[in-house]
Every structure is written in structure tokens, then in C-alpha cells.
Amino acid sequence: MIILNEQEIKSFYKVEDAINDIRQTLKAKVQDKVLSPHRTVLKFPDRNSTSIYMPSADLENNVAAVKVVTIFPSNPDKGLPTTQGIIVLTSTENGEHLSMMNASYLTRLRTGAMTAIATEYLSRKEAEVLTVIGTGAMAFEQALGVLAVRNIKEIILFNRTANRAELFAQRLKEIGVDASIHIVDEANEAVSKADIICCATNSTKPVFDGASLKPGTHVNGVGSYLPHMHEIDSTTITTASKIVVDDLHGAMEEAGELMEASNEGIWSFHQVYGELQDLVSGRVQGRENGEEITFFKSVGASYYDLAVAKGVYQQVLNNGKGSIIDV
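Scoring rules and cut-offs
- Residues numbered from 1 in each chain as written.
- Predicted model: local features only at pLDDT ≥ 70, side-chain atom pairs only at ≥ 80, totals over all residues.
- Heavy atoms only, no water.
- Helix = DSSP H or I, 4+ residues; strand = E, 2+ residues; numbered from the N terminus.
- Rg over C-alpha atoms; globule rule 2.2 N^0.38 Å.
- Buried < 20%, exposed > 50% of the residue type's maximum accessible area, 1.4 Å probe, protein only.
- Contact = heavy atoms within 4.5 Å.
- Salt bridge = Lys/Arg side-chain N within 4 Å of Asp/Glu carboxyl O.
- Core = buried A, V, L, I, M, F, W, Y, C linked by side-chain atoms within 4.5 Å.
- Pairing = 2+ DSSP bridges.
- Axes fitted to C-alpha atoms, helices over the stretch in contact; angles between N-to-C directions.

Counting its regular elements, the protein contains 11 helices and 16 strands. Whereas a compact globule of 327 residues would reach a radius of gyration of roughly 20 Å, the protein reaches 19 Å, a difference of no more than 12%. Taking the principal axes of the C-alpha coordinates as reference, the protein spans close to 55 × 45 × 40 Å. Within the protein, buried positions represent 57% of all 327 residues. Counting contacts in the protein only where the partners sit at least 6 residues apart, residues at least 24 apart contribute 70% of the total.

Below is the structure:
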């Protein structure tokens, strides 16, 4: 078994790799070559925390994966990351466990790659202004995903804790992002100027007013992943001409803002324009004009983790990375 820690994976596996690997897996899924049983979620209400178990299998390449990820929102106060996880990759030819890899970075990266793909299809090609709401750990790869597919000239940051936004801006500058970066203290101000918005918060109530969106805006919502979370408001949902989800089954059970809109009768899951795989496969069109407001909602699904785990493992075989142990 090959063991990979986060720093090793970061050294060679980037958002562009994840985008490509997810595209290929989504195309295979459309062809019924991917199994993705629904996740198991264990909740710990006394700590406002969650542990999630996510299995999947690639029938074409004879490999399966299971990810175990934990989300403990109070961890930063203890000097620990909010999200932690591992992925175990297994051969479905002989049952050999091929690799175990840290999944914290890969979870962030695959989500950023999903955002990149959605943004490529749903945002205006000439989009230049990116607003990021919530500058926690998950948000950084969201920004990287957008930067990979659009020529962003201005980045606007909003976070309830301003110093985290400042650290976020510094990280972007350190990796060579040359867009102008501004920090604002009002979310709707940031939204009103945006061509593309990335929300990555654990908020239980909307983080901006959908009435602030200008025509032609594309919104990515990846932070709320449980029914009680609602970072996007009903105005955005009912205004959007196209709502695309990463996985419809997952969204119907876990996308709190969509579930609430459905329960209130102001919107229906029948109005979902498509899943991400439908955009990639060409089953549905992306943006069709410059005035549409579009919304991509992600709660995560196991086959996205499978996609990046396979990609990492293949690069390891090609480049000799990681430590090998007998199990």
C-alpha cells in the first residue's frame, strides 16, 4: 500500500489535474461505469460536528474508494483544521488496498475543481470580478478553481472575521495571483460588484441578499452541506434561470437552502436544470445569454473523491511518490 500525506500530494497534484480527472469520471458516470452508493452521515450535535463515510467504484478501471471525512467547525480555535479526512483506494480485481491518502486537501481541491467546471459552463466568458464570501479553508481552492477557467482581474473578499480575509489575500499573493484584491466589510457590497461569487461557509442563514445580484452573475455555493445550513437565500434560488447541482440525490437530502425552498413551495427540485455530469456530457447547455443568473450547488459526492484519488494514485505510479508499507 502506498501512503501519501497532504504535503506530498500538494507537491504534484494541482487544481488543473483535478479538473481533468473529474471530467473523465463524470463522463464515465454518464455511461453507467461508476457506482456511488449514498453516503452515511454521523452527526454529533453536542459539538456541532459531523463524520461522513463515502464509498464509490469505477467499474471500467477496477478500482474502488471510500472516504472518511470529519467536519468540526470549532477546531480552528484549538489549532486544528475544520475538515480532516482519508481516502482508501482498493483494487476491485483482487481486493488489494492500493493506497491510503490524506483527504483534507483533496476534498478542498476536488470541490474547487467542481466549482471550476461549473463556472466554465455557467459564467460569462468575459467575467473578471470574483467575490469570495467566507475565507475559511475550503474557500481557497474555490478561488483557484475559478482562476483556472476565467481571466479574473479583481477579487473581492468578505469574511465575518476580517483578519482571516487578510490572511487569505496574502496567500493568494504568495502563489502569484496578480489580480487586485480588496476586502470589504459588507457582503451585499461584495455581491453587487461580482461577475462570479463563491460561497464557502457553514452558515445556517443566508450570507447575502439575492436582490444584490446583478444580471449575468454566476453563484457557486459549496459551504452548506447539511439540511439546517442555508448560506444562499430564496431570492437567489427563485431568480436563477439555471440551477445545476453536483449530485441530485445528495442535493435533495442535504442542500439545506434548496430543501427549504422546496418545502415552502416557492421552488421545486423538478426545476433543477441538470447535474454537473450533464454539462460535461453535453446533455444540457451551459449559459445561453449574458443576462442569466446561474447557481451551482454542491454538497459533495463520493465519485468526485474517487476521481481525484485515482488521479493521485496514477501520478504516484508514474513518478514514484509516497511511502510503501505492507498491510
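Moving on, we get to the pattern of salt bridges. Going through the model one piece at a time under the given rule, you end up with 18 salt bridges. As a salt-bridge pair, glutamate 254 and arginine 39 come within 3.3 Å of each other at their nearest N and O atoms. Of the two residues, glutamate 254 sits in helix 8 (residues 248-254) while arginine 39 sits in the loop between strand 2 (34-35) and strand 3 (40-44), which places them 215 residues apart along the sequence. Neither residue differs from the other here; glutamate 254 and arginine 39 are each classed as buried. With a shortest N-O distance of 2.4 Å, lysine 310 and aspartate 58 are connected by a salt bridge. With a gap of 252 residues between them, lysine 310 in helix 11 (residues 302-319) and aspartate 58 in strand 4 (residues 49-58) connect regions that are remote in the sequence. Using a relative accessible area of 19% as the deciding quantity, one classes lysine 310 as buried. Residues joined by salt bridges that share partners form a network here, namely Glu6, Lys10, Arg108 and Glu141.

What follows concerns helix 4 (residues 137-149). Three or more residues of helix 4 are buried, namely Ala139, Phe140, Glu141, Gln142, Ala143, Gly145, Val146 and Val149. On its buried face, helix 4 is in contact with helix 2 (15-30), helix 3 (104-122), strand 8 (129-133), helix 5 (162-174), strand 11 (196-199) and strand 12 (218-221).

Residues Tyr13, Ile22, Leu106, Leu276 and Val312 are the most contacted members of the largest nonpolar core, which totals 45 residues. In this view, isoleucine 22 contacts Arg110, Ala113, Met114, Ile117, Tyr304, Ala307 and Val308; residues no more than four positions away in its chain are not counted. Ranked by size, the runner-up nonpolar core spans 31 residues in total, among them Ala187, Ala190, Ala261 and Phe269.

Moving on, we come to the sheet that holds strand 15 (residues 294-297). One open sheet holds the 8 strands; their spatial order is 10-9-8-11-12-15-13-14, and the pairing between them is parallel. On the outer flanks of this sheet lie strand 10 (180-183) and strand 14 (274-275), each paired with one strand and no other. Relative to strand 14, strand 13 (residues 242-245) runs parallel, the two sharing 2 bridges. In the sheet register, valine 245 faces strand 14, and the bridge partner there is glutamate 275. Lying on the sheet, helix 5 is in contact with strand 8, strand 9 (154-158) and strand 10; it crosses strand 10 at an angle near 175°.

Following the sequence through the fold, alanine 165 ends up in helix 5. Since its relative accessible area comes to 0%, alanine 165 is described here as buried. When the C-alpha positions of alanine 165 and glycine 223 are compared, they lie 16 Å apart, and in sequence the two are 58 residues distant. Not counting residues up to four positions away in its chain, the partners in contact with alanine 165 are Thr135, Leu157, Asn159 and Ile183.

Attention shifts here to the environment of isoleucine 197. In this fold, isoleucine 197 is placed in strand 11. Separated by 196 residues in sequence, isoleucine 197 and methionine 1 have C-alpha atoms that sit 40 Å apart. Each residue touching isoleucine 197, except ones within four places of it in the same chain, is listed here: Thr131, Ile133, Val191, Leu213, Thr217, His218, Val219 and Asn220.

The residue aspartate 32 is not glycine, and still its phi comes out positive at about 60°. Residue placement: aspartate 32 occurs in the loop between helix 2 and strand 2.

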